[in-house]
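Each chain, written out:
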Amino acid sequence: RQTQKVHDSKMVNFTTEQLRQLMDYKFNIRSMSVIAHVDHGKSTLTDSLVAKAGIIAQKHAGETRYTDTRADEAERGITIKSTGISMYFEYVMSEADRAEVAAAEGRAVKVSGGGDDDIKAATASVSETSEQSEGNQDGPSISENSYLINLIDSPGHVDFSSEVTAALRITDGALVVVDTIEGVCVQTETVLRQAISERVKPVLHVNKVDRALLELQLSPEDMYQSFARAIESVNVIIATYNDELLGDCQVYPEKGTVSFGSGLHQWGFTLCKFARMYSDKFGIAYDKMMAKLWGDNFFDSKGKKWVKNDKEGSLERAFCQFIMSPICKMFAAIMEDKKAKIQKLLKVVGVVLKKDEEELTGKPLLKRVMQKWLPVGDAILEMIVVKLPSPAAAQRYRVSNLYDGPLDDAAANAIRTCDTSPEAPLMMYISKMVPSSDRGRFFAFGRVFAGKIATGQKVRIMGPNYVPGKKSDLWVKNIQRTLIMMGRVQEQVQDIPAGNTCGLVGVDQYLLKSGTITTLEEAHCIKTMKFSVSPVVRCAVEPKKAQDLPKLVEGLKRLAKSDPMVLCYTEESGEHIIAATGELHLEICLKDLQEDFMGTDVKVSDPVVSYRESISANSSQTCLSKSPNKHNRLYMEATPMSEELADAIEAGKISAKDDPKLRARAMADDFGWDVTEARKIWSFGPDGSGPNIIYDCTKGVNYLLEIKESVAAGFQWAAKQSVLCDEQMRSICFKLLDVTLHADAIHRGMGQIMPTARRAMFASMLTASPILQEPVFLVDISVPQDAMGGCYGVLTRRRGVVFSEEQRPGTPMVQMKAHMPVMESFGFNADVRAATGGKAFPQMVFSHWQSMNGDPLDGATKPGEVVVTVRQRKGLTPEVPPLDRFLDRL
């Protein structure tokens, strides 16, 4: 669908050449993502900026949802994949704005330890004018007022929060959207926490104000209170996860970091807009006016003075009097269709309607009037340009979060200064793959952090497991093409400098999901992303016709590329497994697989859940295991790990990469370990990073270090496929108590020790009263009070436990939070909707692992049934192997 470009005075029609020219001014770039809870209006709001850049017509903005590019996104009305788009804007900064931006840039330099000269250079480069480049005749010339905004619209649904993480990694600022009626929800908190941990600076937009006016008919004072509540709860979250280097990034309306408005009707404002208007009218200084327009400030018109209290309710709060009341009046006049009053109000606010627009009535007229009076694009553009950092400022404090190697080598320094000089090394991070129009090929989408990436350039492509100096996970190849991503279309350019997002062709053959691209030999990787969710819902797929098997294997490979979170692998029994974060995610993945990546149908098993195996007591005896040649003996015991420590390891607070002495100190202080034991940790498992530990308690054993590798390997194997039903272990500590070794080195090789260590672990686990842990979802349901009974009924049937419910002030909605096992969650949404007549909105996100009651070794209990079904599904014998298979006698 071609959009008509209307030649309006404000509208900018930009060409690719101008976009490319602008990319060189790194202080005039803003990279930002739009994040929020599901259905709070991100894509609708993004339309306002897309329309302002002249890509879609103003009158369609708010209904087009330009960034929802896939067919199923448009049809379901939710965003599934995050979409990048680069746009060009003109924005003239006032002196105050300029000073504020310069101060922010200077602060960024100071935090990262730059000297005074650096600070001067940074602030000067913001304030000085770049010389006019020769503009082409058909478009704007590039000046210091031109801005390039790389915007990424991300999904709000909890199943796709991995897309949000991928978007946040390559942006420096985030526009958080909050629905004024629903307030801050679970997902808002999750994405904000991710943003702050990535050191991305937030600004806030309070959305759906039109609903508060039209549906709830709130008075201006109630509106003020509901805005204040939303802003307060956002600030609480920001303060909780505060980061020193990022500084104080709480949002305040009087500082211009909050805007209010409606994405659907395309109107919105920050206090700056009204403060400018009134400071001219009253002759008060602009910054003074800003402070007065929010908080407990009242204007006494009789005495012509500002007061702090409302004199027994006779006065109206300044925010209401000067901002909300005029808006409410306009709404009332238009909705009641009072022609004369509308004309009068339009004259006052200076809005001129065209001939055909005067005939409109009701909501269409409301939309046109508000759109012309308070365009939301301007408000948001102003926040982005003035309040969000440029790449040059942001990379100074983000480098320690981004770069894995030493923070003073060439690559780190280039990232820190966002170096675009010709001899700067290239550093680029690929955060996700975007499927291209021709099936099965992908554009690698990412951001250049230093240097310049050019078509045909020879680069080193490093996967996430690359170790500097080794050859694994490294390819030296040429880049085929570099592209600017523009939502639904891509524009090809010759090269792209640091600070920008871009797409690459020809990298998808080497990288799976993410990776680093560089030209520097010594460069380390850029850190891999931490996801807040884990894939716990799995299902097996098989082709309907046997001859489609190769197609399926190929399709699964492509599926694994297209989504940052999905796992595709093959079980030993020959099944092809797809693991996803939730039901909706799984559904979308299967749909993609069948329609885009294969073109034929597949048979899908019922979804299954992965479990974890753990223990609930210490081993009842010291377990001995002999090696196959009977010359070596290992003595072991198992003890349960505290839940806090297991969570800390999973969150990455304590990891195998840490310095052993510091780690031992932390474990002793926070988790009550003995320092000497904590220093002797041999390995974390599974995969070298999981929440299981093996440590050495032996005294004076000869040749002990020679078998360390073999025992650790046996431990990794055991932790990955444990004894009950081949699932991973969780929160178990193994102690190696004593070892008797053969004197001859050939008789204590890997083949002797590794299986022995595994058997000893299984024996000590079976003697320590094993338990099964199942994953639990945190269910967040917003539901009207009268329909709460239905939710309780459904939750009880599904072993759910409600642990909090709170009434939303000013609305009939109740927010319920409950824990529910993942295995009971299939079909939950449909069930709740049926029970409440479609009034409830459930959201589920993985919360924690919880032990199941009962003995898994007894087939009559619930965990026992689970063990038997899982073993049958994996093609093992239905009984758990008995203890004497692992335990040897002396």
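Look a little higher up for the structure.
Just so it is clear, the structure is predicted and the values come from calculations on it, not from any experiment.

*Asks:* Can you break down the environment of glutamine 395 residue by residue, with the values?
*Replies:* Following the sequence through the fold, glutamine 395 ends up in helix α17 (residues 391–402). Dropping the residues within four chain positions of it, glutamine 395 is found in contact with Ile415, Arg416, Cys418, Arg447, Val448, Phe449 and Gly499.

*Asks:* Lay out helix α9 (residues 220–240) with the relevant residues and their values.
*Replies:* Think of an α-helix as 3.6 residues a turn; residues three or four steps apart then line up on the same face. Its 21 residues place the ends of α9 30 Å apart at the C-alpha level, agreeing with the 30 Å of an ideal helix rising 1.5 Å per residue. Regarding α9, the residues found buried are Pro220, Met223, Tyr224, Ser226, Phe227, Ala230, Ile231, Val234, Asn235, Ile237 and Ile238. Packing partners of the buried residues in α9 comprise β4 (173–179), α7 (186–197), β5 (201–207), α8 (209–214), β6 (258–262) and α12 (318–335).

*Asks:* Please provide a residue-by-residue account of the side chain of aspartate 495, values included.
*Replies:* Among the structural elements, aspartate 495 can be located in strand β17 (residues 495–497). Look at aspartate 495 and you get buried, because its relative accessible area is 17%. Contact partners of aspartate 495, with chain neighbours within four places excluded, come to Arg20, Lys452, Ile453, Ala454 and Thr482.

*Asks:* Give a description of helix α20 (residues 583–598) that names residues and reports values.
*Replies:* Over its 16 residues, α20 runs 21 Å from end to end, which matches the ideal 22 Å to within 8%, given 1.5 Å per residue. For α20, the principal kink sits at aspartate 592 and spans about 30°. Among the residues of α20, those classed as buried are Leu584, His585, Leu586, Ile588, Cys589, Leu590, Asp592, Leu593, Phe597 and Met598. Those residues of α20 hidden inside the fold are in contact with α3 (71–76), β11 (442–450), β20 (537–543), α19 (549–562), β22 (576–580) and β23 (602–604).

*Asks:* Which residues make up the nonpolar core, and what values do they have?
*Replies:* In this structure, Ile453, Leu504 and Ile517 are the most contacted members of the largest nonpolar core, which totals 101 residues. Excluding residues that lie within four positions of it along the chain, isoleucine 453 makes contacts with Leu426, Met428, Val448, Ile479, Thr482, Gln494, Asp495, Ile496, Cys502, Leu504 and Ile517. If you look at the next biggest cluster of nonpolar residues, it comprises 68 residues, including Val176, Phe227, Val258 and Tyr397.

*Asks:* Can you explain the sheet that holds strand β28 (residues 681–685)? Please cite residues and give values.
*Replies:* The mixed open sheet is built from 5 strands, whose spatial order is β26-β27-β31-β29-β28. Every other strand in the sheet has two partners, leaving β26 (623–626) and β28 as the edge strands with one partner each. Taking each pair of neighbouring strands and ignoring which way they run, the sheet shows an average axis angle of 25°. Pairing of β26 with strand β27 (residues 633–640) involves 4 bridges; the strand directions are antiparallel. Bridge pairing links serine 625 to leucine 634 in β27.

*Asks:* If you had to explain unusual backbone geometry to someone new, which residues and values would you point to?
*Replies:* Each neighbour pair has its own omega, and for glycine 685 with proline 686 the value is -5°, a cis peptide bond. Mapping proline 686 onto the fold places it in the loop between β28 and β29 (692–696). Even without being a glycine, glutamine 266 presents a positive backbone phi close to 60°. Within the secondary structure, glutamine 266 sits in the loop between β6 and β7 (267–270). Positioned with a positive phi, arginine 799 is a non-glycine residue whose angle comes to about 60°. As for its position among the elements, arginine 799 is in the loop between α26 (788–797) and β33 (801–807). Arginine 799 sits in the partly exposed class, given a relative accessible area of 32%.

*Asks:* Describe the pattern of salt bridges, and please don't skip the residues or the numbers.
*Replies:* Working definition: two side chains of opposite charge can pair if their charged atoms are close together. Inspection of the entire model under this criterion finds 28 salt bridges. With its nearest N and O atoms 3.1 Å apart, the salt bridge here joins glutamate 221 to arginine 317. Of this pair, glutamate 221 sits in helix α9 while arginine 317 sits in the loop between β9 (305–307) and α12, and the two are 96 residues apart along the sequence. Put simply, arginine 730 and aspartate 647 hold a salt bridge, and the shortest N to O gap is 3.2 Å. Note that arginine 730 is positioned in the loop between β30 (728–729) and β31 (732–740) and aspartate 647 in helix α21 (residues 643–650), a separation of 83 residues in sequence. Exposure remark for arginine 730: the relative accessible area of 0% places this residue in the buried category. Connected through salt bridges with shared partners, the residues Arg169, Asp172, Glu198, Arg398 and Arg447 form a single ionic network.

Criteria and thresholds
- Residues numbered from 1 in each chain as written.
- Predicted model: local features only at pLDDT ≥ 70, side-chain atom pairs only at ≥ 80, totals over all residues.
- Heavy atoms only, no water.
- Helix = DSSP H or I, 4+ residues; strand = E, 2+ residues; numbered from the N terminus.
- Contact = heavy atoms within 4.5 Å.
- Expected span 1.5 Å × (residues − 1).
- Buried < 20%, exposed > 50% of the residue type's maximum accessible area, 1.4 Å probe, protein only.
- Bend = angle between axes of the 7 residues up to and from the residue.
- Core = buried A, V, L, I, M, F, W, Y, C linked by side-chain atoms within 4.5 Å.
- Pairing = 2+ DSSP bridges.
- Axes fitted to C-alpha atoms, helices over the stretch in contact; angles between N-to-C directions.
- Salt bridge = Lys/Arg side-chain N within 4 Å of Asp/Glu carboxyl O.

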